[in-house]
Amino acid sequence: MAVRPIIPSEVDELEEIWEWIESFDTVVEQGGRDLASKILQEIRNRALACGVQVPFTANTPYLNTIHLSQQAPFEGDQEIERKIKSLVRWNALAMVVRANRVEHNIGGHISTYGSVATLFEVGFNHFFRARSEDFEGDTVYLQGHAAPGVYARAFLEGRLTAQQLENFRRELKSGGGLSSYPHPWLMPEFWEFPTVSMGLSPIMAIYQARFNRYLEDRGLKPPTDAKVWAFLGDGETDEPETLGAITLASREHLDNLIFVVNCNLQRLDGPVRGNGHIIQELEAAFRGAGWNCIKVIWGSDWDPLFEQDVDGLLAKRLGEIVDGEYQKFIVESGAYIREHVFSGDPRLLKMVESYTDEQLQKLRQGGHDPKKVYAAYKAAVEHKGSPTVILARTIKGYGLGEAGEGRNVTHQQKKVDEDTLRHFGERFGLKIREDQIAEVSFYRPSDDSPEIQYMQKCRRKLGGYVPQRRVRSMPLSAHEENLFTEFLTGSEGREVSTTMAFVGMLRKMLRDPEMGKLIVPIVPDEARTFGMESLFRLVGIYSSQGQLYEPVDMNTLLYYKEAKDGQILEEGITEAGSISSFIAAGSAYSTHGINTIPFFIFYSMFGLQRVADLIWAAADTRCRGFLLGGTAGRTTLAGEGLQHQDGNSHILALPVPTLQAYDPAFAYEIATIIEEGIDRMYRKGESIFYYITVMNEPYAMPSMPSGSREGILKGMYRFRPANNGKSKLRAQLFGSGAILREALKAQEVLEEKYGVAADVWSVTSYKSLYMDGIETERWNLLHPTEKPRVPYLSQCLAGTQGVLVAASDYLKAQANLVSKWMPRRVASLGTDGFGRSESRHSLRDFFEVDWRFIALATLRELLGEGRVQAALVQRAIKDLDIRIEKPDPLTA
Ligand SMILES: Cc1ncc(C[n+]2csc(CCOP(=O)(O)OP(=O)(O)O)c2C)c(N)n1
Ligand SMILES: [Mg+2]
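These notes cover the structure that comes with them. Note that the structure is predicted; figures quoted are calculated from it, not measured. (Residues numbered from 1 in each chain as written. Chains lettered and ligands numbered in written order. Predicted model: local features only at pLDDT ≥ 70, side-chain atom pairs only at ≥ 80, totals over all residues. Heavy atoms only, no water.)

**So, the layout of surface pockets**
Turning to step 1, where the next piece is worked out: Reported here for the largest pocket is a volume of approximately 2,600 Å³.
Turning to step 2, where the next piece is worked out: Lining the largest pocket we find 49 residues, and of these F24, L40, P61, L63 and H67 sit closest to its centre.
Turning to step 3, where the next piece is worked out: Of the residues assigned to the lining of the largest pocket, the class counts are 26 nonpolar, 12 polar and 11 charged.
Turning to step 4, where the next piece is worked out: Taken as a whole, the second largest pocket holds about 1,100 Å³ of empty space.
Turning to step 5, where the next piece is worked out: Of all the secondary-structure elements, those providing two or more residues to the lining of the second largest pocket are α3 (78-102), α13 (323-331), α14 (334-342), α16 (357-362) and α18 (418-427). (1 Å grid on protein atoms, 1.4 Å probe; cavity = no way out; pocket = protein on both sides within 12 Å on 5 of 7 lines; lining within 4 Å. Points joined across faces, edges and corners; volume = space filled by probe spheres on them. Nonpolar A, V, L, I, M, F, W, Y, C, P; charged D, E, K, R; others polar. Helix = DSSP H or I, 4+ residues; strand = E, 2+ residues; numbered from the N terminus.)

**Examining the site of ligand 1**
Turning to step 1, where the next piece is worked out: Near ligand 1, the surroundings consist of 18 residues, among which T112, Q143, D234, G235 and K396 are the closest.
Turning to step 2, where the next piece is worked out: Between E236 and ligand 1, the recorded distance is 2.9 Å, taken from a backbone N or O atom to an oxygen atom.
Turning to step 3, where the next piece is worked out: Between ligand 1 and the protein, one listed contact pairs an oxygen atom with a side-chain N or O atom of N262 at 3.4 Å.
Turning to step 4, where the next piece is worked out: Contact with the protein chains covers 76% of the free accessible surface of ligand 1, which is 590 Å².
Turning to step 5, where the next piece is worked out: Within the shell around ligand 1, the residues separate by chemical class into three nonpolar, 10 polar and five charged. (Near = heavy atom within 4 Å. Polar contact = N/O pair within 3.5 Å; in protein donor to acceptor, adjacent residues only side chain to side chain. Areas by Shrake-Rupley, 256 points an atom, 1.4 Å probe, with all protein chains shown as cover.)

**Quick notes on the pattern of salt bridges**
Turning to step 1, where the next piece is worked out: Scanning the entire structure with this criterion turns up 50 salt bridges.
Turning to step 2, where the next piece is worked out: Here D679 makes a salt bridge to K684, at a shortest N to O gap of 2.5 Å.
Turning to step 3, where the next piece is worked out: The exposed category is assigned to K684, whose relative accessible area is 58%.
Turning to step 4, where the next piece is worked out: One salt bridge connects E748 with R720, and the closest N-O pair in it is separated by 3.1 Å. Highlighted residues: E748 in helix α30 (residues 740-754) and R720 in strand β16 (residues 716-720), separated in sequence by 28 residues.
Turning to step 5, where the next piece is worked out: We classify E748 as partly exposed; its relative accessible area is 38%.
Turning to step 6, where the next piece is worked out: The structure contains a network of salt bridges with shared partners spanning E121, R153, E157 and R159. (Salt bridge = Lys/Arg side-chain N within 4 Å of Asp/Glu carboxyl O. Buried < 20%, exposed > 50% of the residue type's maximum accessible area, 1.4 Å probe, protein only.)

**Considering unusual backbone geometry**
Turning to step 1, where the next piece is worked out: In this model, V466 is joined to P467 through a cis peptide bond whose omega is -5°.
Turning to step 2, where the next piece is worked out: Relative to the helices and strands, P467 is located in the loop between α20 (450-461) and α21 (485-488).
Turning to step 3, where the next piece is worked out: Although it is not a glycine, V440 sits at a positive phi angle of roughly 50°.

Now the structure itself:
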């Protein structure tokens with residue numbers, strides 16, 4: 001390489017620089033690091049004041065953050081912990097390999113755990129505190145694809161049997177199996193949090209840590225030093241949810257939160273940043289966001305090299321190498337590493353001249369060195385004032401040798417040959433017999449072996465096992481009967497929207513002596529939209545800092561009141577963050593043993609449609625609580641348009657098994673549903689949650705018809721029967737939510753103008769009717785000799801007469817979905833298609849769901865049955881002023 005000649009002025013410059021560096025070294029030696037840091041800060045300020053440009057970087061060199069001199073000593077028995085880790089590794093490998101021998105393609109991942117093993121094990125042996133009677137415990141989100149390692153450890157702890165391990169990914173086998181990934185629904189006594197839909201656990205962890213503080217600040221639990229740990233993959237950080245909320249964590253000074261990013265530089269297909277540096281990229285993002293960032297890149301073997309690196313040459317060289325190349329070093333020889341890392345500069349080559357190629361090849365990564373990991377964890381738990389992220393460099397597929405270590409295919413690997421197994425056993429010093437290797441048998445030393453004794457002792461010290469899930473809350477005691485009586489009797493002509501009615505109920509619940517303090521209202525910057533601003537003053541907006549300013553509207557009655565014990569979680573414009581708070585609050589009955597009752601109210605279009613996967617995660621987590629879809633329906637939100645008008649969410653609610661979805665029209669229906677919900681979730685302990693749509697269209701609320709309670713909850717009841725039961729022309733009209741009143745108007749017009757006697761039903765929940773229908777059919781399928789059961793919907797309509805017409809503010813699919821349990825065909829009106837910016841009136845015409853179309857559909861159905869003439873229907877089209885040339889809303 002050509003050497004650029006140094007010109008004389010540069011010599012002076014270099015000398016000057018060296019003098020400064022030497023003085024700085026003296027300051028560090030004599031005054032200490034803190035003083036040195038202060039001086040740098042002051043010099044920086046001075047430079048800026050003099051107009052000197054100060055280069056900005058959020059990065060530090062590609063080195064470990066914790067200097068060797070500051071590294072806390074490892075407080076365990078490293079040798080025995082290595083043995084334990086090897087045992088866990090072996091059993092995790094055995095689980096996956098055995099499962100795939102028995103059932104080809106059953107899947108499983110070994111390479112993720114291969115990389116994360118040390119990061120987990122140091123946590124299990126020294127840091128993760130269990131939940132116990134007198135300590136709430138740490139909350140740990142474990143990287144989902146590493147589940148085999150967690151099971152393998154639980155097997156060694158004696159918490160899972162070999163049979164269960166044998167049935168990994170075979171949950172339906174007799175004796176029970178183990179779910180592929182962390183799943184509280186399927187393994188409710190083991191897993192607390194579902195983590196495998198990538199990107200969700202980081203954001204859930206952030207809001208969990210904040211919710212823990214909220215509980216403390218509101219006096220619902222005593223303050224503790226419990227931590228929230230989240231283990232994530234480096235590839236996972238590409239998910240927008242992973243990094244999307246990190247500024248909340250620093251803004252809230254969540255020093256109870258620790259992220260550990262398993263930086264194996266690989267994701268599923270290949271390198272995370274082949275041409276760049278994922279660790280540096282993440283460091284800049286987290287440091288920029290105000291996190292305490294600890295890089296654990298190099299193992300202890302590197303320390304002597306760094307000690308020689310007084311000029312920073314090695315650090316500089318290591319920072320130049322891109323991740324794709326680092327990955328190559330894993331599969332290459334020591335000679336290759338010597339050539340590609342060190343040969344560019346004779347001074348670098350000299351540093352490693354006493355190292356053999358083999359030694360170079362074996363230089364360890366920081367994330368595989370328990371000493372480095374321990375020191376990082378210790379620094380993280382002791383750090384005050386901000387959350388910590390640990391970026392730990394690891395190797396994907398560690399231990400699989402040539403069969404998988406660092407290879408691009410390693411993520412999917414689940415079969416390994418005997419040679420690899422033997423090599424694996426030797427490498428980790430396992431005393432496994434040849435026949436056990438061939439069989440890939442599970443291996444657990446006896447209870448009195450030093451390994452098992454040691455791991456049990458560690459867990460005892462930390463209060464028990466992790467992970468472990470237990471329902472720790474007591475049911476609510478019976479509350480004052482008729483909390484909502486005032487909502488059952490109608491509004492006496494006063495026009496109110498169902499949203500206003502709901503807010504009234506929320507206010508009532510907030511004042512309830514038992515429940516009041518447990519209510520957690522959550523809003524993503526929409527409180528005013530839903531008329532909830534009166535709650536600002538009533539219960540305050542939660543702010544960990546209180547209110548450091550005098551609000552601009554201080555002199556008004558409903559001023560923007562932030563308070564340390566504020567009850568409302570005003571999340572700002574983040575549905576993902578808000579639902580994460582909902583999950584934390586809705587699972588606090590098990591995480592904390594506190595029955596918090598979340599009410600998350602949001603624009604309905606930005607709920608199930610926007611954060612469906614988090615809502616699915618809420619179900620997995622066995623969450624309880626209420627989701628309120630506000631300004632719901634495609635035609636109730638006048639003047640809005642495509643993005644806001646929701647005709648979809650009730651269809652999107654359909655697949656979530658534990659979600660009870662309701663589209664009520666009246667205040668008493670909502671009151672009935674919420675009362676029942678509280679009873680089922682918080683007294684009877686059912687792990688379900690509710691989705692209720694509420695609207696902003698004001699109208700008079702009727703009083704509750706007697707005998708309607710059961711129907712409201714089961715999904716339908718006859719709200720207003722026809723006047724003229726003797727008419728020959730009969731119809732049954734089904735209306736829901738916003739469109740029920742259109743059905744009522746159609747009822748009147750049909751009777752007055754066309755002599756049709758129609759009953760009007762309020763269908764509060766197509767989902768409930770659907771679930772009841774399929775459950776009933778299943779029972780009948782399995783009990784052929786018994787009297788068939790009749791779905792609730794069929795029971796309701798048995799004995800009714802006339803044609804059937806259903807109309808809602810959601811997709812036509814709703815009524816079609818349950819039509820098979822109706823006695824006759826049904827005409828379904830709904831709002832399929834893109835929304836429009838228009839008035840309610842015009843929208844209902846456009847989507848063909850107003851009273852005119854309900855009346856027309858009724859007459860058309862009667863024509864189909866031969867009960868009226870085509871000419872009458874034709875005339876009705878004219879009379880009802882229906883334009884047949886109008887665009888089809890489905891495609892327009
Ligand atoms: C939302 C989501 N998308 C895709 C996947 C499928 N998937 C599982 S693991 C994986 C790669 C993980 O890479 P990384 O986060 O780096 O974890 P590692 O296994 O390398 O530790 C992918 C794409 C998933 N589980 N979730
Ligand atoms: Mg990775």
